[in-house]
Amino acid sequence: MYKRRICHQYKLTKELIVLAVGIATPCDGGIGFHAKALVHLGATRDEINEVCEMSVYMGSGPSLMHAADALRAFDEFTE
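Residues numbered from 1 in each chain as written. Predicted model: local features only at pLDDT ≥ 70, side-chain atom pairs only at ≥ 80, totals over all residues. Heavy atoms only, no water.

Colleague: Describe the overall build of the protein chain, with residues and values.
Modeller: When helices and strands are counted, the protein chain shows four helices and zero strands. The order of α-helices and β-strands along the protein chain, N terminus first, is α-α-α-α. Its C-alpha atoms give the protein chain a radius of gyration of 12 Å, near enough to 12 Å, the size a compact globule of 79 residues would have. Taken along its principal axes, the extent of the C-alpha atoms in the protein chain is 45 × 25 × 20 Å. Across the 79 residues of the protein chain, 33% fall into the buried class. A separation threshold of at least 6 residues defines the contact pool for the protein chain, and within that pool the share at least 24 residues apart is 70%. As displayed, the protein chain offers around 5300 Å² of accessible surface, 62% of which is attributable to carbon and sulfur atoms. Mean positive and mean negative side-chain charge positions of the protein chain (8 and 10 charges, respectively) differ by 14 Å. (Helix = DSSP H or I, 4+ residues; strand = E, 2+ residues; numbered from the N terminus. Rg over C-alpha atoms; globule rule 2.2 N^0.38 Å. Buried < 20%, exposed > 50% of the residue type's maximum accessible area, 1.4 Å probe, protein only. Contact = heavy atoms within 4.5 Å. Areas by Shrake-Rupley, 256 points an atom, 1.4 Å probe, with all protein chains shown as cover. Lys, Arg positive; Asp, Glu negative; His and termini not counted. Charge placed at Lys NZ, Arg CZ, Asp CG, Glu CD.)

The following block contains the structure:
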């Protein structure tokens, strides 16, 4: 049980990092793919918001539009 929880947390963390990279470097296809994966892993909207905030901080203006796309994709997949 403990090992499974660690493995799940590792996958969630990895997907959050990859989403951040996709936002900061803009990768449209990756944003949608990883947003969907995060929904399946049980990520919360607050976690996605935090990733978006840090990505915009690191990638400046252009990342803002991709952060909005990531939030929109996450919301769409959670419906």
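There is more to say, and it comes next.
Colleague: Give a detailed account of the environment of tyrosine 57, specifying residues and quantitative values.
Modeller: Turning to its location among the elements, tyrosine 57 is positioned in helix H3 (residues 45-59). A sequence separation of 33 residues divides tyrosine 57 from alanine 24, and the C-alpha atoms of the two residues are 8.8 Å apart.

Colleague: Requested: an account of the packing of H3 against helix H4 (residues 61-78), with residues and values cited.
Modeller: Two elements in contact, H3 and H4, have axes whose closest approach is 8 Å; the angle formed by their N-to-C orientations is 165°. Taken together, the axes of H3 and H4 lie roughly antiparallel to each other. Judged by the sense of rotation from one axis to the other, the crossing of H3 with H4 is right-handed. Contacts between H3 and H4 involve Arg45, Ile48, Asn49, Cys52, Ser55, Val56 and Gly59 on the former and, on the latter, Gly61, Pro62, Ser63, Leu64, Ala67, Ala70, Leu71, Phe74 and Asp75. (Axes fitted to C-alpha atoms, helices over the stretch in contact; angles between N-to-C directions. Parallel < 35°, antiparallel > 145°, perpendicular 65-115°, else oblique. Left-handed = near helix turned anticlockwise from the far one by under 90°.)

Shape is all these values report; function is a separate question.
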